Amino acid sequence: MKKILVTGSEGFIGKNLIAELRNRGYSYIFEFDRDTNRALLDRYTKECDFVFHLAGVNRPQNEKEFMDGNFGFTSELLDLLIYHDNKAPVLITSSIHSDRDNPYGKSKKAGEELLLRYGKERGVRVFVYRLHNVFGKWSRPNYNTVVATFCHNIARDMEIKVNDPETRLTLCYIDDVLEEFIRAMKGNPTCDANYCIVPVVHNIKLGELAQTIKQFRNSRKDLSVPNMNDELTKKLYSTYLSFLPPNDFSYDLKMNIDTRGSFTEFLRMADKGQISINVSKPGITKGNHWHHTKNEKFLVVSGKGLIKFRNVESQEIIQYEVCGEKLQVIDIPTGYTHSITNIGETDLVTVMWANELFNPERSDTYFLEV
């Protein structure tokens, strides 16, 4: 079993990496962060079989900390590996900004060059990843990425700042980063001569990013579901949910209640229809209508019911007994008037899917007794 050293273990990428390594059965993980006893680094660098060097400085109070954190600590780490004659491969996280002529870029570039020189001189495999804007769960607002800031603020109805909506961003999702890192650890990185990349990246304008995340918040009100066929939207939505305040995980739905029970819309999807929850009191019959094009699926999840059908051009009645103890989906074909009756002693709860969103001006619903 590999012994893996992770520096920057309490950071955004470090936390996610350690969690995934454990998910995959790696149990010998040396976690090192700025608050870890420095003496432990000597033992870790002696025993480790692979190094994920994720520690770095992004937003220091003093510019001098850039070089100390991004170059100085890298130098200390490599010196200890040399001292113990440990030729474990080393992966370092750098940045697409490492070529910029500023303190941050210069410090990242210095760390890259130091590691590449170390690898060449010592005959050690090294992997330098110039990462784009990485986003995902456990990232920090106003620190790691604009995605984190937008998700945090919008989830709390706080203002966000969009200076130039046309600014183009290249984003990289944390799970794609972890997948690539673990490939590198196993000896199959995505690299060219000097640098490695995470092959899956996404591009979006700053204004579009803001609007997408705002729609996530609004979806609680209009019951919409983000387009999960779009990989970036799916990943952004997962990230947004991770930023919900703990006391705001739940939200109320509008229940249409009368003496017969209730009917509540749950989800509305323009391309996949809508899902609703129907509750019927004992002895109550609902329905007795038919549709030209609208079709539905009924799933009784609690109670006992009787679903009846009749082709509008026939007198023959077809019926199905359903109950929550044996989950069955009942298709509701077009051209058949249908009804559902609670024949039990408790509430009948039915999950109902319709292939189209309800439009009161064109309901395609025609009342006719079964």
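Keep in mind the model is a prediction, meaning the values are calculated, not measured.

**Some points on the state of the cysteines**
So, point 1. Summed over all chains, the structure comprises 1 disulfide.
So, point 2. Here Cys191 engages in a disulfide with Cys196; their sulfurs sit 1.8 Å apart. Handedness of the Cys191-Cys196 disulfide follows from its S-S torsion of about 85 degrees: it is right-handed.
So, point 3. Residue class for Cys196 comes out buried when judged on its relative accessible area of 2%.
So, point 4. With no disulfide partner, Cys48 has as its closest neighbouring cysteine sulfur the one in Cys196, 18 Å distant.
So, point 5. Using a relative accessible area of 3% as the deciding quantity, one classes Cys48 as buried.
So, point 6. Free cysteine Cys172: the closest other cysteine sulfur is in Cys196, separated by 13 Å.

**Things to note about the sheet that holds strand E1 (residues 3-7)**
So, point 1. Judged by pairing direction, the sheet is parallel, and its 6 strands sit side by side in the order E2-E1-E3-E4-E5-E8 without closing on themselves. Sheet topology places strand E2 (28-32) and strand E8 (195-196) at the edges, where each strand pairs with a single neighbour.

**A word on the side chain of Glu180**
So, point 1. Within the secondary structure layout, Glu180 lies in helix H6 (residues 174-185).
So, point 2. By relative accessible area, which is 0% here, Glu180 ends up buried.
So, point 3. A polar contact is formed between the side chain of Glu180 and the side chain of Arg183, at a distance of 2.6 Å.
So, point 4. Those residues within four positions of Glu180 in sequence are excluded, and the remaining contacts are Tyr129, Pro189, Thr190, Ile197, Val198 and Pro199.

**Some remarks on the sheet that holds strand E9 (residues 202-205)**
So, point 1. Strand order in the open sheet made by the 3 strands is E6-E7-E9, with mixed pairing throughout. The sheet is open, and its two borders are formed by strand E6 (133-135) and E9, each paired with just one other strand. Pairwise comparison of adjacent strand axes, ignoring direction, gives a mean angle of 45 degrees for this sheet.
So, point 2. Pairing analysis gives 4 bridges linking strand E7 (residues 168-173) to E9, with the strands arranged antiparallel. Counted as the bridge partner of Thr170 is Asn203 from E9.
So, point 3. The strands touched by helix H7 (residues 206-222) are E7 and E9; relative to E9, the strand with the most contacts, the crossing angle is about 90 degrees.
So, point 4. The strands that helix H8 (residues 231-242) touches are E6, E7 and E9; relative to E9, the one it contacts most, it runs at about 80 degrees.

Thresholds applied
Residues numbered from 1 in each chain as written. Predicted model: local features only at pLDDT ≥ 70, side-chain atom pairs only at ≥ 80, totals over all residues. Heavy atoms only, no water. Disulfide = S-S within 2.5 Å. Buried < 20%, exposed > 50% of the residue type's maximum accessible area, 1.4 Å probe, protein only. Pairing = 2+ DSSP bridges. Helix = DSSP H or I, 4+ residues; strand = E, 2+ residues; numbered from the N terminus. Polar contact = N/O pair within 3.5 Å; in protein donor to acceptor, adjacent residues only side chain to side chain. Contact = heavy atoms within 4.5 Å. Axes fitted to C-alpha atoms, helices over the stretch in contact; angles between N-to-C directions.

Geometric values such as these leave the question of function open.
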